[in-house]
Amino acid sequence: QLPRQRQFDGIAAPDGRPTDVRITNITDTSFTVSWTNTKPTLASLAWGKSAAVENLLPQSDSILTDVHFFSLRDLSPSTSYFFKINSGGNVYDNNGIAWQVKTGPALSLSANTQVVSGTVRTAGGTPAANAIVYLTTGSMSSLSAKTSSTGNFVIPLSLARSSDVTQAAILPSTSLLQVLVAGGSQGTATAQVLLSGANPIPQITLGQNHD
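As the structure is a prediction and not an experimental result, all values here were calculated from the model. Numbers given for residues are sequential positions, taken from 1 along each chain in its written order. Note on the predicted model: pLDDT of at least 70 is required for a residue's local features to be given, and 80 or more for side-chain atom pairs to be given and counted; whole-chain, interface and lining totals, by contrast, use all residues. In computing side-chain properties, one takes all heavy atoms of the structure into account and sets aside hydrogens as well as water.

Draft legend 1. Inspection of the overall build of the chain at higher detail. Per the convention used, a helix needs a DSSP run of H or I reaching at least four residues, while a strand needs a run of E reaching at least two, with both numbered from the N terminus. Helix and strand content of the chain: zero helices and 17 strands. Against the globule reference of 17 Å for 211 residues, the chain gives a C-alpha radius of gyration of 17 Å, in line with a compact fold. Reported as C-alpha extents along the three principal axes, the dimensions of the chain are approximately 45 × 45 × 25 Å. Element-wise, carbon and sulfur atoms account for 51% of the exposed surface of the chain, whose accessible area totals about 9,900 Å². Every radius of gyration here is taken over C-alpha atoms, with the globule rule written as 2.2 Å times N^0.38, N being the number of residues. With residues, only the protein chains shown are counted as cover, and all accessible areas are computed by Shrake-Rupley using a 1.4 Å probe.

Draft legend 2. Focus on the pairing of strand 9 (residues 99-102). The alternating pattern of strand 9 places W99 and V101 on a buried face, while none of Q100 and K102, on the opposite face, is buried. The sheet contact formed by strand 7 (residues 80-87) and strand 9 spans four bridges and is antiparallel. When the bridges of strand 9 are listed, F82 appears paired with Q100. Exposure categories follow from relative accessible area, calculated using a 1.4 Å probe and restricted to protein chains: below 20% of the type maximum is buried, above 50% is exposed, and the middle band is partly exposed. A pair of strands counts as paired when DSSP detects no fewer than two bridges linking them.

Draft legend 3. Spatial organisation of unusual backbone geometry. Going from N199 to P200, the amide bond is cis rather than trans, its omega being 5°. Tracing the chain through its elements places P200 in the loop between strand 15 (188-194) and strand 16 (204-205). Phi at N95 is positive, roughly 55°, even though this residue is not glycine. In this structure, N95 sits in the loop between strand 8 (90-92) and strand 9. Judged by its relative accessible area of 75%, N95 is exposed. Positive phi is not limited to glycine here, since V165 has a value of about 60°. Here V165 lies in the loop between strand 13 (152-156) and strand 14 (176-182). What makes V165 buried here is its relative accessible area of 2%.

Draft legend 4. Summary view of the side chain of T36. Along the chain, T36 falls in strand 3 (residues 31-41). By definition, residues are in contact when any of their heavy atoms lie within 4.5 Å. When residues no more than four places from it in sequence are discounted, the contact partners of T36 are R17, P18, T19, D20, D66, V67, A182 and G184.

Draft legend 5. Examining the pattern of salt bridges more closely. For this document, the term salt bridge refers to a Lys or Arg side-chain nitrogen within 4 Å of an Asp or Glu carboxyl oxygen. Here the structure, examined in full by the defined rule, presents two salt bridges. Residues D20 and R22 are paired through a salt bridge, measuring 3.0 Å at the closest nitrogen-oxygen approach. Here D20 matches R22 in class, with each residue buried.

Draft legend 6. Quick peek at the packing of aromatic side chains. For Phe, Tyr and Trp, where Trp contributes only its six-membered ring, two rings pair if their centres lie within 6.5 Å, and the inter-plane angle classes them as stacked under 30 degrees, edge-to-face over 60, or tilted in between. All chains considered together, the criterion is met by five aromatic pairs. Ring geometry for F31 and F83: centres 6.4 Å apart, planes at 40°, overall tilted. With F31 in strand 3 and F83 in strand 7, the pair connects residues that are 52 residues apart, well separated along the chain. Judged by relative accessible area, which is 1%, F31 ranks as buried. Considering the side-chain rings of W47 and Y81, the 6.1 Å spacing of their centres and the 50° angle between planes classify their relative orientation as tilted.

Draft legend 7. Structural view of the sheet that holds strand 17 (residues 209-210). Spatially, five strands are ordered 12-11-14-15-17 in an open sheet, and the strand pairing comes out mixed. With one partner strand each, in any of the chains shown, strand 12 (140-146) and strand 17 form the two edges of the open sheet. Across two bridges, the pairing between strand 15 and strand 17 is parallel. Bridged to A191 within strand 17 is H210.

Put into structure tokens, the structure is as follows:
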């Protein structure tokens, strides 16, 4: 079974090494890989159906950043994929082997139209652009999204799957959501909110813990 959240390589390094690598948004045809760095870098994702990772997904722009968010799409259901990270011109893997993730089976179109939304601000009160918002709860595989230039984010729960990603997640309104915001050098924030009060979540400020 896939864990709700995959996290690796948590030791910070000054050379552009990726830290806090996470796999989220797993569906039958896609998944997201994200991480932070201790300094701004350019990055790309080498990936494929074998450890040879023969495909390359480049960064969508040429801006140096310490927060990276890559989504692989148009994949095959119930298939294992492998990836390595190119960060700052160096290739990184998971302790000598490529990271691996398996997509889920194809499911019927979800009837869940709920979304989780909100706004993230920096400690100085300005919009926290390009931060990564991670969303977890006990019965759901992790979801994530990046904030916009105005610090806003929207996470559709139509993508929500069970912890093992084999079926749609069942999320009652009393579900307690755990939110983590990774803003790189801008800082981090955490929050807990009931699903019934998550559209929108009260404003999140980096550097603070919200409940």
